[in-house]
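Here is how the chains run, residue by residue.
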Amino acid sequence: MNIDGTLYGRDDARVSVFDHGFLFGEGVYEVLRTYGQRPFLFAEHMRRLRASADRLALSCPLSDEDLLARIRDTVAAAALPGDAYVRILLTRGVGEIVYDPAACPTPTLVVIVKPHVDPPVEAVRGGVRLALASVVRNHPGSVDPAIKSNNLLNNALAMQQAYREGAFEALMKNHRGELCECAQSNIFVVRDGVLLTPPTSAGLLVGVTRGFVLECAADLGVPAEECVLHETDLASAQESFLTSTTREIVPVVRIGAQTIGDGAPGPVTRRLMTAFAAAVPSRLS
Ligand code: PDD
């Protein structure tokens, strides 16, 4: 763990209760992973971190280069046997219990490093079930889901339903009732050979993995479109999968009460998974 440039062990890493990240959820974060010691899609994660921070009028105290060095130091200090999960948290910092940003002169920058855990082999091979969450994704005019913010209550509530239902993830709709994204990942479907994913205007987190998968699709010549999707569209989808940093691509075979296609991972999903794995080495920092 690294807090503001100092390394700590897991049990010694402490942040003040007066940190506005703790008091108000006032902060942003990124999750990236390494392959071996090397971060994957680092530039893309940094772009999104800065974009999220800008929306809160918060500035990251480090350049990309310095943050990469800090991540490398923290990963090296953790001396993990395998790949690392890296969570970067940037909060308003420590100050009086008032909303005035001037109360917190210095942001807090935390880097958490722990072992990366792949999704279960059965999930990757056989596909997973998603709960259809009853909680609606935040309205973009409220806490915009495009901000990767530490306010994760909307996501936590959706995941509570998934845990209750024994589902792998929770798919949320937006305020218009369109399919939006999952609590921790983006959603794709394949219909008649075309890869479809909800548009950013649905009000979602623009996943770094989502972007990378769209690049993989373009390289493979798989047609892909951002497309408004409704629950009723799931009946005509032949395939579905979710994407995120920690899960890469995981096939989805059931959403709520709807079986997707023939209930098994499909060929387009498989091709994308293979292309994804092949492209990883070219995008490590
Ligand atoms: N979650 N949507 C939401 C709401 C997410 O929290 C995430 C990522 C994604 C996928 O984004 P990306 O491909 O950039 O990881 C989509 C991370 C992994 C997390 O919170 O742990």
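First, a word on what this report is: a plain description of the structure on this page.

**Concerning the overall build of the chain**
- In terms of regular secondary structure, the chain is built from seven helices and 15 strands.
- For 285 residues, the compact-globule estimate of 2.2 N^0.38 gives 19 Å, and the C-alpha radius of gyration of the chain, at 19 Å, lies within 12% of that figure.
- Overall, the C-alpha framework of the chain stretches about 55 × 40 × 30 Å when taken along its three principal axes.
- Expressed as a percentage of its 285 residues, the buried residues of the chain come to 50%.
- In the chain, 70% of the contacts between residues at least 6 apart in sequence involve partners at least 24 apart.

**Considerations on the environment of leucine 196**
- Positionally, leucine 196 belongs in strand β11 (residues 194-197).
- Sequence separation of leucine 196 and glutamate 226 is 30 residues, and the distance between their C-alpha atoms is 5.7 Å.

**A few points about helix α5 (residues 153-165)**
- Here α5 contains 13 residues, and its C-alpha end-to-end distance of 19 Å stays within 8% of the 18 Å for a straight helix at 1.5 Å per residue.
- Three or more residues of α5 are buried, namely Asn154, Asn155, Ala158, Met159, Gln161 and Ala162. Buried residues of α5, seen end-on, are gathered within an arc of 150 degrees and therefore sit on one face of the element. Set apart from the buried face of α5 by more than 90 degrees, the exposed residues are Leu153, Tyr163 and Arg164.
- Lining the buried residues of α5 we find β7 (128-132) and β8 (169-173).
- Positioned one or two residues after α5, glycine 166 has a phi angle of 70 degrees, which is positive.

**Brief notes about the sheet that holds strand β5 (residues 84-91)**
- In spatial order, the strands read β2-β1-β6-β5-β3-β4; together these six strands make up an open sheet with antiparallel pairing. Bordering the open sheet on either side are β2 (6-7) and β4 (38-39), each of which pairs with just one other strand.
- In this structure, strand β1 (residues 2-3) lies alongside strand β6 (residues 108-115), joined through two bridges in antiparallel fashion. Bridged to isoleucine 3 within β6 is valine 110.

**Quick word on the site of the ligand**
- In the vicinity of the ligand lie 20 residues, with Tyr29, Glu181, Val208, Thr209 and Thr245 positioned nearest.
- A distance of 2.8 Å separates an oxygen atom of the ligand from a polar atom in the backbone of valine 208.
- Threonine 209 has a polar side-chain atom sitting 2.5 Å from an oxygen atom of the ligand.
- Surface burial for the ligand is 94%, taken as the share of its 480 Å² of free accessible area covered by protein chains.
- At the level of elements, β3 (27-35), β9 (179-182), α6 (208-220) and β13 (239-244) are the ones that each hand at least two residues to the shell around the ligand.
- Residue composition of the shell around the ligand, grouped by class: six nonpolar, nine polar and five charged.

**Quick word on the pattern of salt bridges**
- The final tally for this structure, using the stated rule, is 15 salt bridges.
- Ionic pairing is found between glutamate 26 and arginine 92, a salt bridge with its closest N-O pair at 2.8 Å. You can see glutamate 26 sitting in the loop between α1 (20-24) and β3 and its partner arginine 92 sitting in the loop between β5 and β6, a full 66 residues away along the chain. Across this residue pair, the class does not change: glutamate 26 and arginine 92 are buried.
- Measuring nitrogen to oxygen at the nearest pair gives 3.0 Å for the salt bridge that ties aspartate 144 to arginine 55. Residue aspartate 144 is located in the loop between β7 and α5, and its partner arginine 55 is located in helix α2 (residues 42-55); the two are separated by 89 residues in the primary sequence.
- What makes aspartate 144 buried here is its relative accessible area of 11%.
- Several salt bridges converge on common partners, so that one network encompasses Arg33, Asp83, Asp118 and Glu248.

Parameters at a glance
Residues numbered from 1 in each chain as written. Predicted model: local features only at pLDDT ≥ 70, side-chain atom pairs only at ≥ 80, totals over all residues. Heavy atoms only, no water. Helix = DSSP H or I, 4+ residues; strand = E, 2+ residues; numbered from the N terminus. Rg over C-alpha atoms; globule rule 2.2 N^0.38 Å. Buried < 20%, exposed > 50% of the residue type's maximum accessible area, 1.4 Å probe, protein only. Contact = heavy atoms within 4.5 Å. Expected span 1.5 Å × (residues − 1). Arc of directions from axis to C-beta. Pairing = 2+ DSSP bridges. Near = heavy atom within 4 Å. Polar contact = N/O pair within 3.5 Å; in protein donor to acceptor, adjacent residues only side chain to side chain. Areas by Shrake-Rupley, 256 points an atom, 1.4 Å probe, with all protein chains shown as cover. Nonpolar A, V, L, I, M, F, W, Y, C, P; charged D, E, K, R; others polar. Salt bridge = Lys/Arg side-chain N within 4 Å of Asp/Glu carboxyl O.

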